[in-house]
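# What the coordinates show
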Amino acid sequence: MLTQTSPQAFKKIFTFSAGSETFGLPLHLLHEVIYPEHITRVPKAPAFMAGILTYGSETIPVLDISKKLCLAAPSIRVHHPAIIINTIIDDETMQLALLVERFGKIVQYKNSETIKRKNIPFSTCSAKSNQLGQNSAAYTQSREAIRKFVSEELYRAGVRIRLLNESTLFSVAELT
């Protein structure tokens, strides 16, 4: 007998790459994907804040997700892709632009497919990671940042997608 699963049992995320990692955020946050032409730097802003951009009639913060997660610097590009998200931060609704390496795709999954993580594993054996100075302070900082903002992982076609917790990723205090 074939049983059908209700549509509510599935969740959807959009994926993107930052550093050498693949991340996912809930699809309902996604507003638009863009290639911003001009980002205005903000003096004395945190390192992860790339600046601000004019989007329609709004001015919105532009955040470099690689820097927020202490990942390796992104490849050099003239225009980085950005994801415009609608989110609630500290009970305040706002739009943010997240600079990413590459856009991914929309992935549908069931809760049962995710793995809850308290201690996110990091491979310590690969020659490539040893070349990158895996035991360096930057690597440790990145590992701790990812552990702080990722509580679940999903595996699809051999790719680990780290599901970001948007409620802990940013605070209004960091953005002002």
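Before going into details, it helps to say that this report is about the structure given with it. The shown structure was predicted, so the numbers you read here are calculated from the model rather than taken from an experiment.

About the thresholds
- Residues numbered from 1 in each chain as written.
- Predicted model: local features only at pLDDT ≥ 70, side-chain atom pairs only at ≥ 80, totals over all residues.
- Heavy atoms only, no water.
- Salt bridge = Lys/Arg side-chain N within 4 Å of Asp/Glu carboxyl O.
- Helix = DSSP H or I, 4+ residues; strand = E, 2+ residues; numbered from the N terminus.
- Buried < 20%, exposed > 50% of the residue type's maximum accessible area, 1.4 Å probe, protein only.
- Contact = heavy atoms within 4.5 Å.
- Pairing = 2+ DSSP bridges.

## Focus: the pattern of salt bridges
Throughout the structure, instances matching the rule amount to 5 salt bridges. Among the salt bridges present, the one from Arg-162 reaches Glu-21, with a minimum N-O distance of 3.4 Å. Residue Arg-162 is located in strand β11 (residues 159-164), and its partner Glu-21 is located in strand β2 (residues 21-26); the two are separated by 141 residues in the primary sequence. Taken individually, Arg-162 and Glu-21 each receive the classification buried, so the pair is uniform in this respect. Taken together, the shared-partner salt bridges connect Glu-21, Glu-153, Arg-160 and Arg-162 into one network.

## Here's the deal with the environment of Ser-17
Position of Ser-17 among the secondary structure elements: in strand β1 (residues 10-18). The exposure class of Ser-17 is buried, given its relative accessible area of 10%. Considering only alpha carbons, one finds Ser-17 and Leu-99, 82 residues apart in sequence, at a separation of 9.9 Å. The contacts of Ser-17, once residues within four sequence positions are left out, are Thr-22, Val-100, Glu-101 and Arg-102.

## Here's the deal with the pairing of β1
Consecutive residues of a regular strand have side chains that alternate between opposite faces of the sheet. The pairing of β1 with strand β8 (residues 102-110) spans 7 bridges and is antiparallel. Directly across from Phe-10, in β8, lies its bridge partner Lys-110. Pairing between β1 and β2: 6 bridges, direction antiparallel. Bridge pairing in β2 places Ala-18 opposite Glu-21. Linking β1 back to β2 in an antiparallel pair, the connection comprises 2 residues, with Gly-19 at a positive phi of about 60°.

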